[in-house]
Amino acid sequence: GEDVEQSLFLSVREGDSSVINCTYTDSSSTYLYWYKQEPGAGLQLLTYIFSNMDMKQDQRLTVLLNKKDKHLSLRIADTQTGDSAIYFCAENTQTGANNLFFGTGTRLTVIP
Amino acid sequence: EAQVTQNPRYLITVTGKKLTVTCSQNMNHEYMSWYRQDPGLGLRQIYYSMNVEVTDKGDVPEGYKVSRKEKRNFPLILESPSPNQTSLYFCASSFTSGSYEQFFGPGTRLTVL
C-alpha cells in the first residue's frame, strides 16, 4: 500500500529558509500536496504539484519533486513565526476513493 | 462563506454510548469523506461518499458508519464507541471524486473513556 514518510520535527530561526522533506512509495500518484495545520485548526491546502512537474513556486513557497527518487520537498523562504505549524505531505492516486494518503506530519518551530 | 462545518468540535463520552458527529458543506460538493488523525500516523480515511446514497469504506472503517441522505450532509456514526476511537476527526469535501483539492472542516476532538 501507499506509504508517505516525513521527519517529525524541524526547528529554524526566523528569517532562515525551512526545508521539509517527504518520501512516498506510490509511483502512480497524480497529485502531491502540502497541507498546513495550525494549532486547533483544520488542514489548509498550501500548494500542490502535478506528478509531471519538477518544481512549482508560489511566493515564499517552492515545491520540488523528484519522481525518480519519489521525493517531495517544501521550501519556505524567509520563515516567519506565523509559519510555525504542522506540515503534511500527501499524495492522491486519483482512484474513485479520492483518498489522500498523508505523511505523519512535520512540526515546524520557528525560533524568534 | 464556502466552508465545511463539523459539530461538535469537542466531545468526551463513555464506552458504548452511541454518538454522531455531523458534517455539512455549503459548496454543492459531490464528494465527501471522513479522516481520523492520530499522533505519528497522519490522517487516515474512514469512509467516503461519491454522491447521495453512495458510500464506501476507506482504510480504517471498523467501528464506524456513515450515511449520505442529502448532498450537503455526511454524518459519522459511532454505534458503540471504544477508547481506541479517541482521535481527532476531520470531514472533507471536494467538487467531485476527481477534484484535486479537498476542503477540510475544523476537526472534532473525540475522547472515549
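This report concerns the structure included in the present document. (Residues numbered from 1 in each chain as written. Chains lettered and ligands numbered in written order. Predicted model: local features only at pLDDT ≥ 70, side-chain atom pairs only at ≥ 80, totals over all residues. Heavy atoms only, no water.)

Concerning the sheet that holds strand 3 (residues 19-25) of chain B
Right, on to step 1. Here we have four strands laid out as an open sheet, ordered 1-3-8-7 (chain B), and antiparallel in their pairing. What marks the edges here is a single partner per strand, and that holds for strand 1 (4-7) and strand 7 (65-66) of chain B. (Pairing = 2+ DSSP bridges. Helix = DSSP H or I, 4+ residues; strand = E, 2+ residues; numbered from the N terminus.)

Observations concerning the nonpolar core
Right, on to step 1. W34, L72, L74 and Y87 of chain A are the most contacted members of the largest nonpolar core, which totals 21 residues.
Right, on to step 2. Those elements giving two or more residues to this core turn out to be strand 3 (18-24), strand 4 (31-37), strand 5 (43-50), strand 7 (61-66), strand 8 (71-76), strand 9 (85-92) and strand 11 (106-111) of chain A.
Right, on to step 3. Non-local contacts of L74 of chain A, meaning those with residues more than four positions away in its chain, are made with S18, V19, I20, W34, L46, T47, L61, T62, V63 and Y87 of chain A.
Right, on to step 4. In terms of nonpolar packing, the next biggest core, distinct from the first, is built from 19 residues, L19, V66, Y89 and V112 of chain B among them. (Core = buried A, V, L, I, M, F, W, Y, C linked by side-chain atoms within 4.5 Å. Buried < 20%, exposed > 50% of the residue type's maximum accessible area, 1.4 Å probe, protein only. Contact = heavy atoms within 4.5 Å.)

Digging into the environment of G107 of chain B
Residues and elements named next belong to chain B.
Right, on to step 1. Along the chain, G107 falls in the loop between strand 10 (103-104) and strand 11 (108-112).
Right, on to step 2. For G107, a relative accessible area of 2% translates into the label buried.
Right, on to step 3. As for G107 and Q6, which are separated by 101 residues in sequence, their C-alpha atoms are 6.7 Å apart.

Quick look at the state of the cysteines
All names here are of chain A.
Right, on to step 1. Summed over the entire model, instances satisfying the criterion amount to two disulfides over all chains.
Right, on to step 2. The disulfide partner of C22 is C89, and the gap between their sulfur atoms is 2.0 Å. Every disulfide takes its handedness from the sign of the S-S torsion; for C22 and C89 that torsion is -60°, giving left-handed. Of this pair, C22 sits in strand 3 while C89 is found in strand 9, placing the two residues 67 residues apart along the sequence. (Disulfide = S-S within 2.5 Å.)

A look at the pairing of strand 3 of chain A
The side chains of a regular strand alternate, first on one face of the sheet and then on the other.
Residues and elements named next belong to chain A.
Right, on to step 1. Burial along strand 3 is one-sided: the residues S18, I20, C22 and Y24 are buried and none of V19, N21 and T23 is.
Right, on to step 2. Judged from the three bridges that link them, strand 1 (residues 4-6) and strand 3 form a sheet pairing that is antiparallel. Of the residues in strand 3, the one forming a bridge with V4 is Y24.
Right, on to step 3. Bridging between strand 3 and strand 8 involves six bridges; their strand directions are antiparallel. Within the sheet, the bridge partner assigned to N21 lies in strand 8 and is S73.

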